Amino acid sequence: MKDIIKMIVVLTLICAASGLTLAAVYDVTKGPIEYARLKNVKEPAVKAVLSGYDNDPIKDRIQIPIGKDKKGKPVNLVVFPAKKGGKTFAVAFEGTGSGYGGNIGVMVGINLAKNDITGISIVGHSETPGLGARITETQFTDSFKGKSLAKELKTDQINAISGATFSTKGSVEAVNQARGLLEKYRDKMVQGG
Amino acid sequence: MSVVKEFTKGFWDILPPFRLVLGLCPVLAVTTSAENGAGMGLATTFVLVCSNVLVSLLRKIIPSKVRIAAYIVIIASFVVMVELLMQAYAYPLYQALGIFIPLIVVNCIILGRAEAFAGKNGLAASAADGLGIGLGFTISLFVLGGVREIIGNGTFLGLHVLGTSYEPFVFMVRAPGAFVSLGVMLALINWISARLEARGRKA
């Protein structure tokens, strides 16, 4: 009997100590992990759409609460600001639209003063290879550059991909969604920096 | 003296992948490049040293009937720690090693050393044992990864060493190449040690 109690006590203590230590390590690494994730996953896209900034857009990211998901968890829009001399002159964030094979995620860079697109980069899609997937080609993405966001963007303003109407529309939809977000949250995006 | 011996035995006498032939799963899977090999080796070394030290400290407290469970909890905690730290400070490496980081928990070298050595020996000897075996493991993985990277990709630590005219022998960085290079390496080490033994007998 004494043996059994000793076993239980020792194992419990070891597990408790392990749990405590891991909780502490998790707490310490939580911030750096989020940063490292964004740095490796999002930075290439941010770099593709913004230029001429002297800050670290990943580090200066702004989280804007934009609603709740089905489970009631808050959803944040992550905005990457591009600054020069401490002033935000452009922002990049993601918009989504529905393409042919699923959602298309587009990182959109926007010049705040001119209210136009500095560039877009497709960050996630499941379009048909060789057809819809050509939305990732620069020939397509470059045609968004410099387009004004004063009005909704239309498909005839860009180099639509023949044979991939849905993918083209989905990308434009994603950009327009980003435009909507910009109008709604512009103050917060500028303020954040 | 004995501490030094416990440390150095990991480099040859019981060099993990080649002499003990243990922990082959990560050896085969992650040695596609020298960098991945070294990263995996160092992660394993960290876990091995920490678990050896802790097991050795607790060896008189842990009842022998539940020792394996206790060892696994200790090892698993250190592995999760490595995983979190690697994610935070070496993300590309974390992505390259992927599932093989959590799988260090079931790496037989670590449980093997806890059971066969740290559970019976003092603190200093156990730490030396863990460090020696871990570094031996790291060097093995580094060499194996280096050989496969040079032949299979024409690069070493990401640098082109064989010139642009070299056509990479991709077979070597794929799964079959792992078996072939491990086999060749094993044969080489066995041959060297047989020669050494023969010379020792003569002398």
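Quick caveat: nothing in here was measured; it's all calculated off a predicted structure.

We now examine a nonpolar patch on the surface. All names here are of chain B. Residues Ile139, Val143, Val147, Ile151, Phe169, Phe171, Val180 and Val184 make up a contiguous nonpolar surface patch of roughly 620 Å² in combined accessible area. With 4 residues, helix H8 (residues 123-153) is the largest single contributor of residues to the nonpolar patch. Here Val184 is to be found in helix H9 (residues 175-202). Judged by its relative accessible area of 53%, Val184 falls in the exposed class.

This brings us to the packing of helix H1 (residues 2-41) of chain A against helix H5 (residues 67-89) of chain B. Look at H1 of chain A against H5 of chain B: their axes get within 7 Å of each other, and the N-to-C directions meet at 10 degrees. By the angle class used here, H1 of chain A and H5 of chain B are roughly parallel. The class makeup of the residues in the contact of H1 of chain A with H5 of chain B is 19 nonpolar, 5 polar and 1 charged.

Turning our eyes to something else, we now look at the nonpolar core. Of all hydrophobic cores here, the largest spans 50 residues; its most connected members are Ile14 of chain A together with Met40, Val47, Met86, Leu97, Ile101 and Ile104 of chain B. Contributing elements (two or more residues each) for this core: H1 of chain A together with helix H3 (24-30), helix H4 (34-58), H5, helix H6 (91-97), helix H7 (108-118), H8 and H9 of chain B. Sort the elements by how many residues they give to this core and H5 of chain B lands first, with 12 residues. In this structure, Met86 of chain B is in contact with Gly39, Ala43, Tyr91, Leu93, Tyr94, Leu97 and Ile101 of chain B, ignoring residues within four places of it in sequence. If you look at the next biggest cluster of nonpolar residues, it comprises 30 residues, including Ile135, Leu153, Ile158 and Ile161 of chain A.

What follows concerns the confidence of the model for chain B. Averaged over every residue, the pLDDT of chain B is 87; the share at 70 or more is 99%. In the model output, the complex is listed with pTM 0.77 alongside ipTM 0.76.

Our next topic: the interface of chain B and chain A. Of the residues lining the interface, 21 residues belong to chain B; the matching set on chain A comes to 18 residues. Carbon and sulfur atoms supply 79% of the area buried between chain B and chain A, which totals about 1700 Å² over both sides. At the junction of chain B with chain A, the criterion picks out 0 salt bridges. Summed over the shared surface of chain B and chain A, the result is 2 residue pairs in polar contact (both at pLDDT 80 or more). Of all the secondary-structure elements, those providing two or more residues to the side of chain B that touches chain A are H5 and H6 of chain B. Residue contributions to the side of chain B that touches chain A peak at 12 residues, all from H5 of chain B. Here the residues of the side of chain B that touches chain A sort into 17 nonpolar, 2 polar and 2 charged.

Turning to the pairing of strand E3 (residues 87-98) of chain A, a few remarks are in order. Residue and element names in this part refer to chain A. Where strand E2 (residues 74-84) lies against E3, 5 bridges are found, and the strand directions are antiparallel. Across the sheet, Lys84 pairs through a bridge with Lys87, a residue of E3. Connecting the antiparallel pair E2 and E3 is a turn made up of 2 residues, with Gly85 showing a positive phi of about 60 degrees. Pairing of E3 with strand E4 (residues 103-111) involves 9 bridges; the strand directions are antiparallel. Within E4, the position partnered with Glu94 by the bridge is Met107.

Basis of the calculations
- Residues numbered from 1 in each chain as written.
- Chains lettered and ligands numbered in written order.
- Predicted model: local features only at pLDDT ≥ 70, side-chain atom pairs only at ≥ 80, totals over all residues.
- Heavy atoms only, no water.
- Patch = residues over 30% accessible without salt bridge, like charges linked within 9 Å, V, L, I, M, F, W, Y side chains within 5 Å.
- Areas by Shrake-Rupley, 256 points an atom, 1.4 Å probe, with all protein chains shown as cover.
- Salt bridge = Lys/Arg side-chain N within 4 Å of Asp/Glu carboxyl O.
- Helix = DSSP H or I, 4+ residues; strand = E, 2+ residues; numbered from the N terminus.
- Buried < 20%, exposed > 50% of the residue type's maximum accessible area, 1.4 Å probe, protein only.
- Axes fitted to C-alpha atoms, helices over the stretch in contact; angles between N-to-C directions.
- Parallel < 35°, antiparallel > 145°, perpendicular 65-115°, else oblique.
- Nonpolar A, V, L, I, M, F, W, Y, C, P; charged D, E, K, R; others polar.
- Core = buried A, V, L, I, M, F, W, Y, C linked by side-chain atoms within 4.5 Å.
- Contact = heavy atoms within 4.5 Å.
- pLDDT = per-residue confidence, 0-100.
- Buried area = accessible area lost by both parts, 1.4 Å probe.
- Polar contact = N/O pair within 3.5 Å; in protein donor to acceptor, adjacent residues only side chain to side chain.
- Pairing = 2+ DSSP bridges.

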